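The residues making up each chain are set out below.
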Amino acid sequence: MATLESPPPGTSSSAMRNAFGTVLSALILLLIGVLAFSIRLFSVIKYESVIHEFDPYFNYRVTQFLSKNGIYEFWNWFDDRTWYPLGRVIGGTVYPGLTLTAGTIWWALNAINIPLSVETVCIHCVWAAAEAYSAPSIVLTSQSRDGLHVFDDFRESYAWLSHNTDVDDKVASWWDYGYQTTAMANRTVIVDNNTWNNTHIATVGTAMSSPEKAAWEIFNSLDVKYVLVVFGGLIGYPSDDINKFLWMVRIGGGVFPHIKEADYLRDGNYRIDSEATPTMLNCLMYKLSYYRFVETDGKGYDRVRRTEIGKKNFKLTHFEEVFTSHHWMVRIYKLKPQKNRIRGRAKKLKLKTSSGLDSKAAKKNPWI
Amino acid sequence: MAARNWIFAVAVAVAVFLSLSTFSSAQDLQIVNAERRIDLSSHIVKAFLTLKVENIGKDPAADMLLAFPPTQIKNLAMVQALAVTGKKKKKIYLPLDVKPSEQPDAPNDAGYFLVSFATPLGPGETVTLEVLYILTHSLEPFPVEITQSESQLVYYRDSAVVLSPYRIKQQTTFFKTPSTRVESFTSVEPANRAGKEIKYGPYEDRAPYSYAPVIVHFENNSPFAVVEELVREIEISHWGSLQITENYRLTHGGARHKGVFSRVEYQSRRSISGSSSFNALLAVLPPRVNSVYYRDNIGNISTSHLRTGFKKSELEFEPRYPLFGGWKATFIIGYRVPLEDYLFEAPDGRRYLNFTFGCPLVETIVNKLTLKVVLPEGSKDPSAVLPFAVNQDLQVKYSYLDIVGRTVVVLQKDNVVPTHNVPFQVYYTFKPIYMLAEPLMLVSAFFFVFVTSLAYVHIDLNIVKK
């Protein structure tokens, strides 16, 4: 048996140095990775481990579908719960890298009996898409004397929609909230953050800028049941639909010429106070945002626009309020069904009731 | 031929004799005095029945029957009976065995429960029984739909006289309503109302199976919190903790909400707006509870407040939105408790878990409760012991680092009320050596990784020697 030769002199110390160097560089690389990862988990740690931005909700929902239905269904998926009534070919238009990575990780972990849910896997994979955004927009907090106050109105409204409306009800809102509504409230939307169809977005924008009756006609033609608006005037949340209203007017006006931006401007500004134009005070967005708002403080002071509103007491004729969240950030309205009209008879009925007859008896008779 | 006739006659005589003996309890007992107090304050109707039973026959009676109309039988969540001995301050209450019973020839499909006396009641003796029975889903909202500013009115249907297979010499029934607003109540003389109490009686000498239907229409704004389905999973980990996860599907079981929900009215005129709606819920948790979370499928719900104590912990929590009639909410509550409070060793060497059955929410009905006890990997011979009937089943669950899976004891019960929150036990055998399975698995995995990397670094894979 050959004897072990002692290593040549001078190499033991360099071998030690090499080994030490390798370990040190490996450790430094590991630390860089951990630091990079932690920075992106900032909003998750500060607020909660949910997806905070708008767009990643789309990736989450797509990964959910993939994990539930498998890769073949995913490639062939035509989503009818968005861009109603057009739908969207998700299988053909999505960038699948993020989704497939998350889905593969979830599947691999579940195969070795580590039961992580799809939500958890997505939060750790979605930081790449969330890089472009810095402020989380699902949960808002503010510091007060009594500690941290949480504004969870968005999720409150999405949870209400998902449990207290029918599965096939359509919800119309501005496109910002499309992905979140389909993912969290599980309801069909008209437009979403994908913004691939400008005419469809313009239709929704025109409806929001039109008076109640015209808006009702547009939404009814799209089979919409609920309209959702975001209103920040009570608590001072600046990214609400009234501040985004100029885009609804411009995009709507770009496709439908009867919407003219000048009708909504007073001296070149969008106003909602007593100086506002009549078109502005009559449009659906104004009415749905400020309906009964004056009853909160008696004056109707909008904390975002920092002024009292122009039209304070008004009734809704074609919509009814079905839900407003705790801090008034999300307001949901339902389209009122059309009244049955019988030509000619309506006038006779009015005469009868005004002469003092019991209106209940008149309503019970089915032939009137 | 004559022999056949004779045999036939004997058979008839035997049949008559047997039928007489099955009905012996019906004819030999009578109820001297019956007082019934029905509490209608919440949507869980509690009835307290005090019966003074006398044996008027010649044979001792071992048991007696309680009868219920068929509409009440399906809503009965629990029937309990106590025998009362002693007087005034020295009363002793002895629990009696109560079982559902099928009787042939039940008039109008009445349902029965059989109460077994502690000692057979001799001829001429009397015994006083306290019976408690609990009815769920027995308050019918009328009007069926109400707006936000209306109060909730409900119907309660019952009988002015106690339904019983025995003659009742004297009886009185009291109904207690939560408020003084009673729209109407059926009058069966003598009947009168004073404040929150409606008194029917006293009625003298009623024949067996007497029944006088009454309807009470009154206001009840107590929270009609109904959990449609609750799945509770208790995971035993021998490393020292019990992890409990509860999935709730909650709904408001009262008059349906119609029309507008106006947040401004709800917030400004809270006393009259949404008077039958509820927002606050209370869950009673074990004392040394930690890592409590309250979330739903879209994330954490921040509206909760936990108070830990020595005897119990209380979690006050609110759903994301107030619940009006017909509205639903789902959520998950999870918490962890130390194992030493709940896992014990039986004298025969088996281990057993002693935990509380039922739902931790106060004053809530659970329509369908599924309780799953997940035993550690390697447990054998599971069995559950409960003081009332449940459906039992076994399942397998695969969790972290499982190879053969964990046995799950599944207990299922319908129509659960807070009175069902009693301790129950689950027994199983477990060899302590199985505890090493998971650490050994992890150790050997890392060992394998290191050995392969060592080998890779030191083995010369060149084909041609350099």
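Chain B is annotated in an unreviewed UniProt entry as Dolichyl-diphosphooligosaccharide--protein glycosyltransferase subunit 1 of Brassica campestris. Database annotation for chain B, UniProt heading Subcellular location (unreviewed entry): "Endoplasmic reticulum membrane". You can read under Pathway (unreviewed entry) in the UniProt record for chain B the words "Protein modification; protein glycosylation."

By the naming in an unreviewed UniProt entry, chain A goes by dolichyl-diphosphooligosaccharide--protein glycotransferase and is assigned to Brassica campestris. Heading Subcellular location (unreviewed entry) of the UniProt record for chain A holds this comment: "Endoplasmic reticulum membrane".

Okay, the packing of helix 3 (residues 56-75) of chain A against helix 5 (residues 97-111) of chain A next. Residue and element names in this part refer to chain A. Between helix 3 and helix 5, whose axes approach to 9 Å, the crossing angle comes to 80 degrees. Taken together, the axes of helix 3 and helix 5 are roughly perpendicular relative to one another. Within the contact between the two elements, helix 3 uses Asn-59, Val-62, Thr-63, Leu-66, Ser-67, Ile-71, Phe-74 and Trp-75 and helix 5 uses Leu-98, Thr-99, Leu-100, Ala-102, Gly-103 and Trp-106. Split by residue class, the contact of helix 3 with helix 5 holds nine nonpolar, five polar and no charged.

Looking now at the packing of aromatic side chains. The relative placement of two aromatic rings is captured by the distance of their centres and the angle of their planes. All chains considered together, the criterion is met by 46 aromatic pairs over all chains. When the centroid spacing of 5.8 Å and the interplanar angle of 90 degrees are considered together, the rings of Phe-68 of chain B and Phe-113 of chain B count as edge-to-face. One end of the pair, Phe-68 of chain B, is in strand 3 (residues 61-68); the other, Phe-113 of chain B, is in strand 6 (residues 111-121), and 45 residues separate them in sequence. Side by side, Phe-68 of chain B and Phe-113 of chain B carry an identical accessibility label, which is buried. An aromatic cluster is present here, built from Phe-231, Tyr-286, Tyr-290, Tyr-291, Phe-293, Phe-314, Trp-328 and Tyr-333 of chain A joined pairwise through their rings. Sitting over the ring of Trp-247 of chain A, Arg-250 of chain A keeps its end group 5.4 Å from the ring centre. Sitting over the ring of Phe-314 of chain A, Lys-311 of chain A keeps its end group 5.8 Å from the ring centre.

As a further point, take the environment of Ile-235 of chain A. All names here are of chain A. When you line up the elements, Ile-235 lands in the loop between strand 7 (224-230) and helix 12 (245-255). Overall, Ile-235 belongs to the partly exposed group, its relative accessible area being 28%. Ile-235 sits 93 residues away from Trp-328 along the chain, and the two C-alpha atoms are 7.9 Å apart. Not counting residues within four places of it along the chain, the set of residues in contact with Ile-235 comprises Phe-151, Arg-303, His-327 and Met-329.

Okay, a nonpolar patch on the surface next. All names here are of chain A. Taken together, Phe-20, Leu-24, Ile-28, Leu-29 and Ile-32 make up a surface patch of nonpolar side chains, about 530 Å² in accessible area. Within the secondary structure, Ile-32 is located in helix 1 (residues 11-40). With relative accessibility at 51%, the residue Ile-32 sits in the exposed group.

With that out of the way, let us pick up the pattern of salt bridges. A full pass over the atoms with the stated rule returns 43 salt bridges over all chains. Its salt-bridge partner being Arg-263 of chain B, residue Glu-156 of chain A comes within 3.0 Å of it at the nearest N-O pair. Here Glu-156 of chain A, found in helix 8 (residues 153-164), pairs with Arg-263 of chain B, found in helix 4 (residues 263-268), and the two come from separate chains. Taking the relative accessible area as the measure of exposure, Arg-263 of chain B reaches 2% and is therefore buried. Taken together, the salt bridges that share partners define one network made up of Glu-233, Glu-235, Lys-397, Asp-402 and Arg-406 of chain B.

Moving on to the side chain of Asn-55 of chain B. Residues and elements named next belong to chain B. Relative to the helices and strands, Asn-55 resides in strand 2 (residues 45-55). Under the relative-accessibility criterion, Asn-55 is labelled buried at 1%. Not counting residues within four places of it along the chain, the set of residues in contact with Asn-55 comprises Asp-28, Leu-29, Pro-60, Ala-61, Leu-121, Gly-122, Pro-123, Gly-124 and Glu-125.

What counts and how
- Residues numbered from 1 in each chain as written.
- Chains lettered and ligands numbered in written order.
- Predicted model: local features only at pLDDT ≥ 70, side-chain atom pairs only at ≥ 80, totals over all residues.
- Heavy atoms only, no water.
- UniProt positions renumbered as here; feature names shortened; annotations may be inferred.
- Axes fitted to C-alpha atoms, helices over the stretch in contact; angles between N-to-C directions.
- Helix = DSSP H or I, 4+ residues; strand = E, 2+ residues; numbered from the N terminus.
- Parallel < 35°, antiparallel > 145°, perpendicular 65-115°, else oblique.
- Contact = heavy atoms within 4.5 Å.
- Nonpolar A, V, L, I, M, F, W, Y, C, P; charged D, E, K, R; others polar.
- Phe/Tyr/Trp six-rings, centres within 6.5 Å; stacked < 30°, edge-to-face > 60°.
- Buried < 20%, exposed > 50% of the residue type's maximum accessible area, 1.4 Å probe, protein only.
- Lys NZ or Arg CZ within 6 Å of the ring centre and 35° of its normal.
- Patch = residues over 30% accessible without salt bridge, like charges linked within 9 Å, V, L, I, M, F, W, Y side chains within 5 Å.
- Areas by Shrake-Rupley, 256 points an atom, 1.4 Å probe, with all protein chains shown as cover.
- Salt bridge = Lys/Arg side-chain N within 4 Å of Asp/Glu carboxyl O.

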